[in-house]
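# Structural overview
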Amino acid sequence: MLGQLLSLPLKDQPGQIIGNDNKIYYFTDNDCDKSIYLEIGIGIEFTPYKQIPDSPYKKTKLVKITKSFDDEPLEDEIDKIYFSNTENPKNKTVIETIKSYYAYGEGGSKKEALTELAQLANICHANTILKLRLEINIGPSKQTRIFKYYGLLARTKVASEEIINNSEKEPQIKIIPKMVRRTSPNVATKLKIQGGLLLFLLFFIPLWGQIFLKYHYFIPQGASAPIGIFICILIFILYININPFNPCYYLKVNKQ
């Protein structure tokens, strides 16, 4: 049977395939020859796979991947924008890269998504998208597929060319503030952690008072207040200094 790879296996869950019959199938790392190249979005061929008795996925219908219709990472060019799955593309020298922002484009096909991403790169004066990745979202009816490509903005030159350091001749990548989405996954993580710390502070103060009243024979009266204040100050310092590692915001073309 033929299908398209939706996701790769993770540590605690199998990968997903959508077949030409619009049904979802699953596979694990053990259900594919290591020599077969796999990447989200590529076409594959698979067959039913006999369930292993001691498999952790006893209730999951697994299949075995027998063939991939792509044998190497994506290297493509659309509207003079070069796309690469890697951080160091072949025959290219990276001049500048912006790792704090992910640019992305989405559409009803891979071509549409890459074209939108190329448009965004042009606006930001980038000529390359590095570490290109693809996500595929399937609609409720499984008939609609939304392709979302995302990657890092970069400027590159052909490796044999001399790199020009003059910024007037080589415009730097420009991040337009209105294109930065406020829904960065790292912002959400930061808000969740800060919310947890705030709840801890709200419950800690009365809880510490109850602990002191219950165990006042063991906790010196003069030490209880300083200890409580010290813990509150420590939590507050953590609250204002939380900054998720490698914060990456999403950029997207603002459609009129």
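In case you missed it, the structure is sitting above this.
We now turn to the structure provided with this report. No experiment lies behind these values; they were computed from the predicted model shown.

### Focus on the packing of aromatic side chains
Using the criterion set out here, one finds three aromatic pairs in the structure. Measuring from centroid to centroid gives 5.1 Å for Y25 and F46, while their planes differ by 50°, and the two rings are tilted. Here the residue Y25 occupies a position in strand β3 (residues 24-27), and F46 occupies one in strand β4 (residues 43-48), the gap between them amounting to 21 residues. Looking at F46, the relative accessible area reads 2%, which means it is buried. Both rings, one in F200 and one in F204, keep their centres 5.6 Å apart while their planes meet at 20°; by these two values the pair is stacked. On the criterion of helical spacing, the pair formed by F200 and F204 is a turn pair, its members being four residues apart in helix α2 (residues 185-214). Above the plane of the ring of Y82 lies K92, whose end atom (NZ or CZ) is 4.8 Å from the centre. Positioned above the aromatic ring of Y104, the side-chain terminus of K148 is 5.2 Å from the ring centre.

### Considering the pattern of salt bridges
Scanning the entire structure with this criterion turns up two salt bridges. The salt bridge involving K99 is made with E87; its shortest N-O contact spans 2.7 Å. Within this pair, whereas K99 is found in strand β8 (residues 92-107), its partner E87 is found in the loop between β7 (81-84) and β8, the two being separated by 12 residues in sequence. For K99, a relative accessible area of 41% puts it in the partly exposed group.

### Things to note about the environment of I44
Considering the arrangement of structural elements, one finds I44 in strand β4. You can call I44 buried: its relative accessible area is 0%. As for I44 and M1, which are separated by 43 residues in sequence, their C-alpha atoms are 8.5 Å apart. Setting aside residues up to four positions removed in sequence, I44 forms contacts with M1, L2, G3, Q4, L5, I17, L38, I65, K67, S68 and F69.

### Concerning the environment of D76
Relative to the elements of secondary structure, D76 occurs in strand β6 (residues 75-78). Residue D76 is classed as partly exposed on the basis of its relative accessible area of 30%. With 38 residues separating them along the chain, D76 and L114 place their C-alpha atoms 9.6 Å apart.

Thresholds applied
Every chain is numbered independently, its residues counted from 1 as its sequence is written. It should be noted that, the model being predicted, local features are given only for residues of pLDDT at least 70 and side-chain atom pairs only at 80 or more, the latter also being counted only at that level, while totals for whole chains, interfaces and linings use all residues. As a rule here, side-chain values cover all heavy atoms of the structure and leave hydrogens and water aside. A pair of Phe, Tyr and Trp rings is counted when the ring centres sit within 6.5 Å of each other, with Trp represented by its six-membered ring. The angle between the planes then sorts it: under 30 degrees is stacked, over 60 is edge-to-face, the rest tilted. Elements are defined by DSSP. Helices are runs of H or I of four residues or more, strands are runs of E of two residues or more, and each kind is numbered from the N terminus. Throughout this description, buried means an accessible area under 20% of the type-specific maximum (1.4 Å probe, protein chains only), exposed means over 50%, and partly exposed covers the range between. We count a charge as sitting over a ring when the NZ of a lysine or the CZ of an arginine lies within 6 Å of the ring centre and within 35 degrees of the ring normal. Note on definitions: salt bridges are taken to be side-chain nitrogens of Lys or Arg within 4 Å of carboxyl oxygens of Asp or Glu. Here, two residues are considered to be in contact whenever any of their heavy atoms come within 4.5 Å of each other.

Coordinates in, geometry out; function isn't part of it.
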